[in-house]
Amino acid sequence: RKVPYYKDTLKCGSKFHISVGHTTVMATVTFWGAQELLSTSSSSSSCATTTTTTATTTDMKPKDKQQQQQGKELVGHSSLGGDANMAGLPRLTFDYTQDFLQQDQLVERIQGNKNNSSESLLQWALLDFQTPVYCPLDSLVIGSRLDANDSNTSRGGGANNTNTPTDALAGSASSCRLAFSGRLMEKVDPSKDASRVRLYTPKERRGVIRRLGDPHRRQDDGKIVRYEVFGTDLFKKETNMKLFVGMKLVTERGDIGVIKSSFGTSGKFRVYFPAGTDAREGDALLLQFKRYAHDPEKAMHQDMVLPASRPGSMLENNKGKKGKKPTDSAVTGKVHLLKGEVLENGKHNMAIVDGFFTPEMDIREKKGMKVIVVSTKEEGTIMGPFGKAGKCKVSFESGISAEIGAKAELHQ
């Protein structure tokens, strides 16, 4: 715990004077576990202020209890440096299988914490001593900055500096140099055991829902949902989507889905929601994951679990009468060239179409409009102009098999 009177920030990787027993040596300090220990203390009876009493009462012998009642110093495994029990420090067991949020410094307050205790937050710390030191387990450890100077002693210099040695000494004495205290719990080898601590950093990537799948009416509540959506803006065109298949995505509404496959060759992807989602086109898709500090592969890890399946029945789309096409207004053109990459099915993923626009029209304003090849019923979207003669580039996510000269329709 931090000493309340110490005003500076306790940053991870900083060096402190560590006093244990009758020895004071330098050590590099790393802090973590503020959020996790607070959550543990809030959900159990062994919170920070009561753990000391509970743990001490459980572990003490009858003779030790009598000594405490008589106001005598309570002795743990070692009496060197005083006793951590009397300092209000609980005796906890560290779990190497637990995940801990990586901290840049010792955390002094947590947003949303309803605990009004005046005690500093309890946290774990790793002390990497510069020189070997005798430190029995369960001893009281005190971290301090004995070389710290008060801010009043470091102003100015030269002929205008009127501070006397007496003033500097008084200024230094006015600032607290004791930074934190703790209980020595376990001996570790920083070069080996430090990597066992599961420190992670939360990461998030954002994509967008480009298209919705077929609507379904969910059986258990009758709500209209989609079990499949198509997303974009999460991956680059050259990204190997096989590495991300099976990863989970969450909508801003809290619905959890899983990436099933890529969709086309421009970085789009297909997401399946086993319980359905009521998200709309343009809503965000969030890829949330953890990255562990000591993982040499820098892999992405996820904890979220897919919800149970909630089946539904597909709704009929609103169509015209049987045998008649929807009354779309269409402009006709023809396939001028086949371009782009060749997909696995042997089809090109882009075509150049002319006849839709005149040279003076701004084709960029038509981006995203639907194009249908009449002979093959293949559907594409306008991506932009091609040259200055009114031709346009049309993207076909599943490829185009039509030949050059085939008729195409632009649907408004």
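Residues numbered from 1 in each chain as written. Predicted model: local features only at pLDDT ≥ 70, side-chain atom pairs only at ≥ 80, totals over all residues. Heavy atoms only, no water.

K.L.:
Could you give an account of the environment of Glu119, naming the residues involved and the relevant values?
P.N.:
Mapped onto the secondary structure, Glu119 falls in the loop between β3 (99-101) and β4 (124-129). Accessibility expressed as a relative area gives 35% for Glu119, which makes it partly exposed. In the structure, Glu119 is positioned 31 residues away from Gly88 in sequence and 9.6 Å away in space, judged by C-alpha atoms. (Helix = DSSP H or I, 4+ residues; strand = E, 2+ residues; numbered from the N terminus. Buried < 20%, exposed > 50% of the residue type's maximum accessible area, 1.4 Å probe, protein only.)

K.L.:
Account for the pairing of strand β18 (residues 379-385), naming residues and giving values.
P.N.:
Here strand β17 (residues 370-373) runs beside β18; their pairing, made up of three bridges, is antiparallel. Bridge pairing in β18 links Lys370 to Thr381. The antiparallel pairing of β17 with β18 creates a hairpin that spans five residues between the two strands, and Lys377 there sits at a positive phi of about 60 degrees. Sheet analysis places β18 next to strand β19 (residues 392-400), joined by four bridges and oriented antiparallel. Looking at the pairing, Gly384 lines up with Lys393 of β19. As consecutive antiparallel partners, β18 and β19 are separated by six residues, and within that stretch Gly387 has a phi angle of approximately 75 degrees, a positive value. (Pairing = 2+ DSSP bridges.)

K.L.:
An account of the pattern of salt bridges is requested, with residue identities and associated values reported.
P.N.:
Opposite charge on two side chains lets them pair, provided their charged atoms get close. Per the counting criterion, the structure on display carries 21 salt bridges. Two residues, Arg218 and Asp220, come together in a salt bridge whose shortest N-O distance is 3.8 Å. The partner of Lys268 in a salt bridge is Glu397, with the nearest N and O atoms 3.3 Å apart. Linking Lys268 in the loop between β11 (256-262) and β12 (269-277) with Glu397 in strand β19, this pair joins segments that are 129 residues apart in sequence. Relative accessible area serves as the criterion here: at 23%, Glu397 is assigned to the partly exposed category. Three or more residues are tied together by salt bridges with common partners; here these are Asp99, Arg198, Lys290 and Asp303. (Salt bridge = Lys/Arg side-chain N within 4 Å of Asp/Glu carboxyl O.)

K.L.:
Explain the packing of aromatic side chains to me, and be specific about the residues and the numbers.
P.N.:
Counted according to the given criterion, the structure contains ten aromatic pairs. Between the aromatic rings of Trp32 and Phe94, the centroid separation amounts to 5.9 Å while the plane-to-plane angle is 75 degrees, which identifies the pairing as edge-to-face. In this pair, Trp32 is assigned in strand β2 (residues 23-32) and Phe94 in the loop between α3 (62-69) and β3, connecting sequence segments 62 residues apart. By relative accessible area, Trp32 is classed as buried at 6%. With relative accessibility at 15%, the residue Phe94 sits in the buried group. Aromatic pair Phe356 and Phe357: ring centres 6.2 Å apart, planes at 80 degrees, arrangement edge-to-face. Just above the ring of Tyr96 sits the side chain of Arg196; from NZ or CZ to the centre is 3.8 Å. The ring of Phe230 has Arg211 sitting right over it, with the charged end atom 4.7 Å from the ring centre. (Phe/Tyr/Trp six-rings, centres within 6.5 Å; stacked < 30°, edge-to-face > 60°. Lys NZ or Arg CZ within 6 Å of the ring centre and 35° of its normal.)

K.L.:
Which residues make up the confidence of the model for the protein chain, and what are the values?
P.N.:
Looking at the protein chain, the pLDDT average stands at 80 and 77% of residues meet or exceed 70. Mean pLDDT in the protein chain bottoms out at helix α2 (residues 48-59), which sits at 35, and peaks at strand β10 (residues 248-251), which reaches 96. In this model residues 45-61 is a low-confidence stretch, pLDDT under 50, and it forms 26 contacts with partners more than four residues away in sequence or in other chains. In the predicted structure, residues 151-159 sits below a pLDDT of 50 and forms seven contacts with residues beyond four places in sequence or in another chain. (pLDDT = per-residue confidence, 0-100. Contact = heavy atoms within 4.5 Å.)

K.L.:
So what about unusual backbone geometry? Which residues, and what values?
P.N.:
Residues other than glycine seldom take positive phi values, yet Lys298 does so here, at roughly 50 degrees. In this fold, Lys298 is placed in the loop between β13 (284-292) and β14 (312-314). Taking the relative accessible area as the measure of exposure, Lys298 reaches 44% and is therefore partly exposed. The backbone of Lys377 sits at a positive phi, close to 60 degrees, despite the residue not being glycine.

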